[in-house]
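Topology and contacts: notes
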Amino acid sequence: GASASAPASAPAAGGFGGFSFASTPAPAPDSAAAKAATTAFSFGNPVAAPVPAPVPAAAEEDDDGNGGFAKEPPTEVQREENKEEDVVFECRAQYFKQEVIDPEEAPGTKGWKKYATGALRLQRHKENGKCRMLMRDSIGKAMLNLPVTRGMEFNGELGTGKTAGKANVKFLSAKNEKEMDLYMIRCKSVHYEKLLAKLQEMAKSAPAK
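All of the points below concern the structure found in this document. As the structure is a computational prediction, the values presented were derived from the model and not from experiment. (Residues numbered from 1 in each chain as written. Predicted model: local features only at pLDDT ≥ 70, side-chain atom pairs only at ≥ 80, totals over all residues. Heavy atoms only, no water.)

Thoughts on the pairing of strand E1 (residues 85-100)
Relative to strand E2 (residues 110-125), E1 runs antiparallel, the two being bridged by 15 bridges. Opposite Glu90, over in E2, you have Arg121 as the bridge partner. Direction of pairing for E1 relative to strand E7 (residues 180-188): antiparallel, over a ladder of 5 bridges. Across the sheet, residue Phe96 finds its bridge partner in E7, namely Met184. (Pairing = 2+ DSSP bridges. Helix = DSSP H or I, 4+ residues; strand = E, 2+ residues; numbered from the N terminus.)

This is how it looks when you write it as structure tokens:
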């Protein structure tokens, strides 16, 4: 029943200096009990869990098995309670904006930067006829909200090669009174003709300023 301490010259595994928390003599190193105790508990420095390697982001042109678009989330997109506007067209899409991608390495070179993927809706006000395009993410947050004004031009093209099965619609929208931003909406090719036609029709019917 007497307790024994390990010699100071050979501290017990998991102890501090020559002090041991054991109430009975330490078993032989090769015993099954010692191995089990060492495996089950230790006062030594914890071993850090291995850090998983980062998963590389998929290129925007890669095919993910769903025409290049993320699959619809299991939760339904929250719809805006807006009784003043009609939704004239809706599809899932991505939106890009042309920007200087690397201002340090190539300050004058612009490219397409992808901003968001979500449910794109074309909406028209029931009374004043004003039109806009609105994109929301899977939880209903507005990612794109641009007016479609009289005289806006929309140009489209079907994708080829890696972008086969998709289509792009490009247009300019006012950034401020003096500058314009170039946008691109990418959708599946099955939605392309109707999306382009609806945007062009809205640009003709939108009220003049």
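Looking at the environment of Arg136
Looking at the element boundaries, Arg136 is found in strand E3 (residues 131-136). Classification of Arg136 as buried rests on a relative accessible area of 12%. In the structure, Arg136 is positioned 19 residues away from Thr117 in sequence and 8.1 Å away in space, judged by C-alpha atoms. Of the polar contacts made by the side chain of Arg136, one reaches the backbone oxygen of Gly140; its length is 2.5 Å. (Buried < 20%, exposed > 50% of the residue type's maximum accessible area, 1.4 Å probe, protein only. Polar contact = N/O pair within 3.5 Å; in protein donor to acceptor, adjacent residues only side chain to side chain.)

So, the nonpolar core
Counting 27 residues, the largest nonpolar core has Met133, Val148, Phe154, Ile185 and Leu195 as its most contacted members. Looking at this core, the element that brings in the most residues is helix H2 (residues 189-205), giving 6 residues. Discounting chain neighbours no more than four positions away, the residues touching Ile185 are Ala93, Gln94, Tyr95, Leu120, Leu144, Ala167, Asn168, Val169, Phe171 and Leu195. (Core = buried A, V, L, I, M, F, W, Y, C linked by side-chain atoms within 4.5 Å. Contact = heavy atoms within 4.5 Å.)

Structural notes on the pattern of salt bridges
One pass over the structure, following the stated rule, counts 7 salt bridges. For Glu85, the salt bridge identified is with Arg132, shortest N-O distance 2.8 Å. You can see Glu85 sitting in strand E1 and its partner Arg132 sitting in strand E3, a full 47 residues away along the chain. Judged by relative accessible area, Glu85 falls into the buried class, the value being 13%. For Arg132, a relative accessible area of 15% gives the class buried. A salt bridge links Lys97 to Asp181, with the nearest nitrogen and oxygen atoms 3.9 Å apart. Taken as a pair, Lys97 in strand E1 and Asp181 in strand E7 lie far apart in primary sequence, 84 residues in all. Side by side, Lys97 and Asp181 carry an identical accessibility label, which is buried. Shared partners join several salt bridges into a network, and the residues in it are Lys97, Glu99 and Asp181. (Salt bridge = Lys/Arg side-chain N within 4 Å of Asp/Glu carboxyl O.)

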